Amino acid sequence: MKRAGQGVGVELRDVTFGYRREPVVRDVGFAVPPGGFVGVIGPNGSGKSTLIKLMSGVIRPWRGEVRVAGDDAARLPRAELARRVAVVPQETDLPFPYTVLEMVLFGRTPHLSGFAFEGDSDLAVARAALERTGTLDLAERAVTELSGGERQRVVLARALAQEPRVLLLDEPSAFLDIRHEVEMYDLLRELQREGLTVVSVLHDLNLAALYCDSIVLLAEGRVFCEGTPAEVMTYANLTEVYQTEVYVTMNEITDTMNILPLDAAHREPLSRAREARRPPRER
Amino acid sequence: MPSRAIAFEAAHLTRRRFRAVIAALVLGVVAVALLCVAVGPVRIDLAAALFGFGDASAIDSVILFRTRLPRVLLANCVGAALAMTGAVLQALLRNPLAEPHILGVSGGAAFGGVLTLFLAAGAPVPSYLLTPFGAFAGALAAMLVVYRLGTVNGRLQPYTFLLAGVVCNAFTGALIMAVNAVADLFQTHGILFWLMGSLATTSYPLVLASAFFVALGGVLVARHARALNALTLGEDNATQLGVDVSAVRRLCFVVCSLLVGASVAVSGMIGFVGLIVPHVTRLLLGSDHRLLLPASALVGGMFLSVADTVARSLSSTSELPVGVITALTGGPFFVYLLRRQSSRGLW
Ligand SMILES: Nc1ncnc2c1ncn2[C@@H]1O[C@H](COP(=O)(O)OP(=O)(O)OP(=O)(O)O)[C@@H](O)[C@H]1O
Ligand SMILES: [Mg+2]
């Protein structure tokens, strides 16, 4: 797949947005360098999916701007934006039984006009996307009959068929088993090496630590902190933002952070100890 | 691997398959039309009738060209319009239960037409020239109201949308009764006659006008067939694929109103064609709207010509309204779809 790597990235400048009167994303600013792999983490409702929608032009910021490959996303024609940015959404429900191949060919929409039929080059792109995501064997199946994990890989294939320069993923591995999960992220890393800019929302903090160059930690619609996984995913930051106790350790094999959950019996003593360490006036 | 390549061909819509299917369906339409014009109280010799075209003394020809053919042609136009509207609405609402009748659009068109008949009494222009505009305006108004009620924060809520349609249907039904109540007896008769509708016509200009509207609407929506495909994935996904969602949606709603208005104006309320036809077509030919829209139009034409032929042949003394036939087949079908859909947990 061809891909122009240079000078492509995403940048948010003081973006504020809300669905109703209250903003749910407040003054968010960060830059994803071309060819970067950025993980967005944060608790439920902290605004991660909203950020993905802002970056893909589905919603427009109240204030601030989203820049894609140097241009203000709000000023780009929709099709042009879709040729630059592709999205793997958190969930896809499909009312009609398209075949997997048709579904992946939908990724060619921004490259084709009107009624046109897909040409050989479109089919070649779709086939490559199917191959890379390991879904070529599913090509004739109906998407409504796939398992959650198979469907998610097909949706990734569709996004790749868009030949984007920036790929946004909203918890792409929620339905994947552990093997397909790492395979998907391995593939994303491979694509990143070829010049693709990747921004992924993740709930699995260990995967985030393993694959991302840098992490943006969101809390209540704001950037709580950003930096390398080791800088961001500290015990102090995580317990404060997620409001629970975790066990942070080092993975000796990968040399990355491991963040493990704790049950109530083990959380309580830690919470008490943490409480005791805080300066008195904060209590 | 050649075997893989063949399977790849079959798994998406190629230009070749598109042409083959459309050609087959056009042949089907012609065959069904020939069958339908052959059926009737008087047996006619088709070959002789075709041969005697234009000869006023050839009685078979007169029956064929003056009464049966325009009726079958009109049934094809109306069937095509309703089926295409159904297919478009189902894509927009992402719900195979959407249909102009169920969504209250036909009801709006009927009320628009009735109101025109009532107000235009004594107007210098004959009412049959005015009712199409009234029906179109009514359909558009109903569509807009239902659309407004069915969208929250600019996002379409399919379930609310369907409920809004049901309410709109009941509301326009009540309005029609109210107009009927204040109209005088002569007008009431005209209104009822118009509402019942019938595909019986001897007017080629009417057939031509209907064909024009269907063709116009068909071309306008077919140009957005690819966008409709993307829209079935949801509005966010469609936007992310580069589709200008609100523009496509707006155009489709106007075209649907036009098609429904035109068909209600010529033939009254005919329900369920827009439900059954796209559904069956989708089952047989797949969900790609580039094929689904024209194919639904052709299948809709066949379906309505057959339904109309059945309606006029069931009883030798009087005709059943064709809407009775479509509702009798479509009602159970709707219930079947509804049960199947809720068992899959889509709602
Ligand atoms: N369509 C919507 N209309 C109104 N409010 C919304 C809408 N979508 C999200 N919100 C609200 O905006 C806030 C942020 O939602 P968002 O979906 O971005 O969170 P998230 O970080 O993706 O959460 P999760 O981890 O559960 O996916 C939440 O408070 C949510 O209730
Ligand atoms: Mg989310």
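Reading guide: rules and limits
Residues numbered from 1 in each chain as written. Chains lettered and ligands numbered in written order. Predicted model: local features only at pLDDT ≥ 70, side-chain atom pairs only at ≥ 80, totals over all residues. Heavy atoms only, no water. Helix = DSSP H or I, 4+ residues; strand = E, 2+ residues; numbered from the N terminus. Rg over C-alpha atoms; globule rule 2.2 N^0.38 Å. Buried < 20%, exposed > 50% of the residue type's maximum accessible area, 1.4 Å probe, protein only. Contact = heavy atoms within 4.5 Å. Areas by Shrake-Rupley, 256 points an atom, 1.4 Å probe, with all protein chains shown as cover. Lys, Arg positive; Asp, Glu negative; His and termini not counted. Charge placed at Lys NZ, Arg CZ, Asp CG, Glu CD. Buried area = accessible area lost by both parts, 1.4 Å probe. Polar contact = N/O pair within 3.5 Å; in protein donor to acceptor, adjacent residues only side chain to side chain. Nonpolar A, V, L, I, M, F, W, Y, C, P; charged D, E, K, R; others polar. Core = buried A, V, L, I, M, F, W, Y, C linked by side-chain atoms within 4.5 Å. Pairing = 2+ DSSP bridges. Disulfide = S-S within 2.5 Å. Donors = N, O, S within 2.8 Å, 3.2 Å for Na, K, Ca; no water. Axes fitted to C-alpha atoms, helices over the stretch in contact; angles between N-to-C directions. Salt bridge = Lys/Arg side-chain N within 4 Å of Asp/Glu carboxyl O. Near = heavy atom within 4 Å.

Caption draft 1: Focus on the overall build of chain B. Helix and strand content of chain B: 15 helices and two strands. For a compact globule of 347 residues, the expected C-alpha radius of gyration is about 20 Å, and chain B comes in at 21 Å, within 12% of that figure. Taken over 347 residues, chain B has a buried fraction of 54%. Intrachain contacts of chain B at a sequence separation of at least 6 include 75% that bridge at least 24 residues. With an accessible surface of roughly 15500 Å², chain B has 73% of that area assigned to carbon and sulfur atoms. Computed over 22 positive and 12 negative side-chain charges, the inter-centroid distance for chain B is 11 Å.

Caption draft 2: Spatial organisation of the interface of chain B and chain A. With 37 residues of chain B in contact, the opposing surface of chain A contributes 44 residues. Where chain B abuts chain A, roughly 3600 Å² becomes buried across the two surfaces, and 60% of that area is made up of carbon and sulfur atoms. Broken down residue by residue, the surface that chain B buries against chain A is led by B:F8, B:R226 and B:Q240, which jointly contribute 21%. Inspection of the chain B/chain A interface yields 12 residue pairs in polar contact (both at pLDDT 80 or more). When contributions to the side of chain B that touches chain A are tallied by element, the ones reaching two or more residues are α1 (2-10), α2 (15-38), α4 (59-93), α10 (225-231), α11 (235-240) and α14 (289-313) of chain B. Of the residues that constitute the side of chain B that touches chain A, the class distribution is 14 nonpolar, 13 polar and 10 charged.

Caption draft 3: Up close: the nonpolar core. Residues and elements named next belong to chain A. Residues L101, V104, L156, L167, L188 and M233 are the most contacted members of the largest nonpolar core, which totals 126 residues. When near neighbours in sequence (up to four residues on either side) are disregarded, M233 contacts I41, L205, A208, A209, I215, L238, V248, M257 and I259. In this structure, F30, V32, L54 and V68 belong to the second largest nonpolar core, which totals 30 residues.

Caption draft 4: Focus on the pairing of strand β1 (residues 10-17) of chain A. Relative to strand β2 (residues 25-32) of chain A, β1(A) is paired through five bridges, and the arrangement is antiparallel. Its bridge partner being in β2(A), A:E11 is matched across the sheet by A:A31.

Caption draft 5: Region of the structure containing the environment of B:R155. Residues and elements named next belong to chain B. Mapped onto the fold, R155 is located in strand β2 (residues 155-156). Owing to a relative accessible area of 37%, R155 belongs among the partly exposed residues under this scheme. Sequence separation between R155 and R68 is 87 residues; the distance between their C-alpha atoms is 46 Å. Ignoring sequence-local partners within four residues, the contact set of R155 consists of G150, E235 and D236.

Caption draft 6: Structural context of the state of the cysteines. All names here are of chain B. Under the criterion given, the structure shown has zero disulfides over all chains. C77 supplies the cysteine sulfur nearest to C36, a cysteine that is in no disulfide, at a spacing of 14 Å. Under the relative-accessibility criterion, C36 is labelled buried at 3%.

Caption draft 7: Representation of the coordination of the magnesium ion (ligand 2) within the structure. Residue and element names in this part refer to chain A. The coordination sphere of the magnesium ion (ligand 2), as far as protein atoms go, consists of S49 (OG) and Q90 (OE1), spread over 1.9 to 2.5 Å. Highlighted residues: S49 in helix α1 (residues 48-55) and Q90 in the loop between β6 (85-88) and α3 (100-105), separated in sequence by 41 residues. On the basis of relative accessible area, Q90 is assigned to the partly exposed category, the value being 32%.

Caption draft 8: Broad picture of the sheet that holds strand β5 (residues 71-72) of chain A. Residue and element names in this part refer to chain A. Reading across from one edge, β2-β1-β4-β5 is the order of the four strands in this open sheet, with antiparallel pairing throughout. Looking at the sheet topology across the chains shown, the edges are occupied by β2 and β5. Here strand β4 (residues 63-68) pairs with β5 via two bridges, running antiparallel. Residue pairing in the sheet places V68 in a bridge with D71 of β5. Packed onto the sheet, α1 meets β1, β2 and β4 and runs at close to 120 degrees relative to β1.

Caption draft 9: Structural context of the pattern of salt bridges. In the structure shown here, the tally under the stated rule is 18 salt bridges over all chains. Look at the salt bridges and you will find they share partners, linking A:E11, A:R13, A:E65 and A:R67 into a network.

Caption draft 10: Summary view of the side chain of B:S61. Residue and element names in this part refer to chain B. Considering the arrangement of structural elements, one finds S61 in helix α4. Taking relative accessible area as the criterion, S61 reaches 3% and is therefore assigned buried. Every residue in contact with S61, bar those within four places of it in the chain, is listed here: A48, A49, G52, F53, D55 and R66.

Caption draft 11: Inspection of the site of ligand 1 at higher detail. All names here are of chain A. Taken together, 13 residues surround ligand 1, and among them N44, G45, K48, S49 and T50 come closest. Separating an oxygen atom of ligand 1 from a side-chain N or O atom of N44 is a distance of 3.0 Å. Between an oxygen atom of ligand 1 and a side-chain N or O atom of S49, the distance comes to 2.7 Å. When the free accessible area of ligand 1 is taken as 640 Å², the share hidden by the protein chains comes to 68%. Considered class by class, the residues forming the shell around ligand 1 number three nonpolar, eight polar and two charged.

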